[in-house]
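Residues per chain are reported as follows:
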Amino acid sequence: MEIDWNTNFIDPQNLINISRGDNNRLERYLRQFQELIPTRVIDLKKYLKENNRKMIRQTLHQMSPQLQFFGIPDVVQPIRRLEFEFQTMPFDDLEILVNNILDKLDGACHEIDLIIKTYFG
């Protein structure tokens, strides 16, 4: 099956390489993302409202491997920055960084949902 990877929020090359043309493996990785990331996004939004810097950092750290795996652009550097500066960064700056990451994650989730719906039903 040939998937039309018309994406803006994910770079599927790493996923394609690791799947080695195995559609079952590809679907499993997509569904794993679909299962893990939205719940962590909910947690991240909650911690943002609570001004809980430590849990924001921890949640982003937990998400980082999947985000790198799916090639979500422009999230790795802000996450690294937050890992080191989460206690000293002004909360307004932290909030802007996290909201930018959340916007990208929302787009990535929609793209992956569409790919699963279109190609894997």
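Residues numbered from 1 in each chain as written. Predicted model: local features only at pLDDT ≥ 70, side-chain atom pairs only at ≥ 80, totals over all residues. Heavy atoms only, no water.

Asks: Go over unusual backbone geometry with me, naming the residues and quoting the values.
Replies: The backbone of Arg20 sits at a positive phi, close to 50°, despite the residue not being glycine. Considering the arrangement of structural elements, one finds Arg20 in the loop between helix H1 (13-19) and helix H2 (23-49). A relative accessible area of 67% means that Arg20 is categorised as exposed. The backbone of Asn51 sits at a positive phi, close to 55°, despite the residue not being glycine. (Helix = DSSP H or I, 4+ residues; strand = E, 2+ residues; numbered from the N terminus. Buried < 20%, exposed > 50% of the residue type's maximum accessible area, 1.4 Å probe, protein only.)

Asks: So what about helix H5 (residues 91-119)? Which residues, and what values?
Replies: With 29 residues, H5 extends 41 Å from end C-alpha to end C-alpha; this agrees with the ideal 42 Å at 1.5 Å per step. Positive phi shows up at Gly121, right after H5, with a value of about 55°. (Expected span 1.5 Å × (residues − 1).)

Asks: I'd like a rundown of the packing of helix H3 (residues 53-69) against helix H4 (residues 76-85), residues and numbers included.
Replies: Axis separation between H3 and H4 bottoms out at 10 Å; the angle between their running directions is 150°. Considering the angle they form, H3 stands roughly antiparallel to H4. Crossing hand, H3 versus H4: left-handed. Only Val76, Ile79, Leu82 and Glu83 of H4 make contact with H3, whose side of the interface consists of Arg57, Leu60, His61, Ser64, Leu67 and Gln68. In the contact of H3 with H4, the residues fall into five nonpolar, three polar and two charged. (Axes fitted to C-alpha atoms, helices over the stretch in contact; angles between N-to-C directions. Parallel < 35°, antiparallel > 145°, perpendicular 65-115°, else oblique. Left-handed = near helix turned anticlockwise from the far one by under 90°. Contact = heavy atoms within 4.5 Å. Nonpolar A, V, L, I, M, F, W, Y, C, P; charged D, E, K, R; others polar.)

Asks: Now, about the pattern of salt bridges: what can you tell me, with residues and values included?
Replies: All chains considered together, the criterion is met by two salt bridges. Note that Glu27 is salt-bridged to Arg31, the shortest N-O span being 2.8 Å. Here Arg31 and Glu27 lie together in helix H2, a separation of four residues that amounts to about one turn. Between Glu85 and Arg81 there is a salt bridge whose closest N-O contact spans 3.3 Å. In this pair, Glu85 and Arg81 are both assigned in helix H4, four residues apart and thus about one turn of the helix distant. Using a relative accessible area of 30% as the deciding quantity, one classes Glu85 as partly exposed. (Salt bridge = Lys/Arg side-chain N within 4 Å of Asp/Glu carboxyl O.)

Asks: So what's going on with the packing of aromatic side chains? Which residues, and what values?
Replies: Aromatic ring pairs are reported here in terms of the distance separating the ring centres and the angle at which the planes meet. Under the counting rule described, the total for this entry stands at three aromatic pairs. Here the aromatic rings of Tyr29 and Phe69 are separated by 5.1 Å at their centres, their planes lie at 65°, and the arrangement is edge-to-face. Pair noted here: Tyr29 is in helix H2 and Phe69 is in helix H3, with a separation of 40 residues, a long-range link. Its relative accessible area of 17% is what places Tyr29 among the buried residues. When the ring of Phe33 is compared with that of Phe70, the centres are 4.6 Å apart and the planes differ by 55°; the resulting orientation is tilted. Of the two residues, Phe33 is situated in helix H2 and Phe70 in the loop between H3 and H4; the sequence distance between them amounts to 37 residues. (Phe/Tyr/Trp six-rings, centres within 6.5 Å; stacked < 30°, edge-to-face > 60°.)

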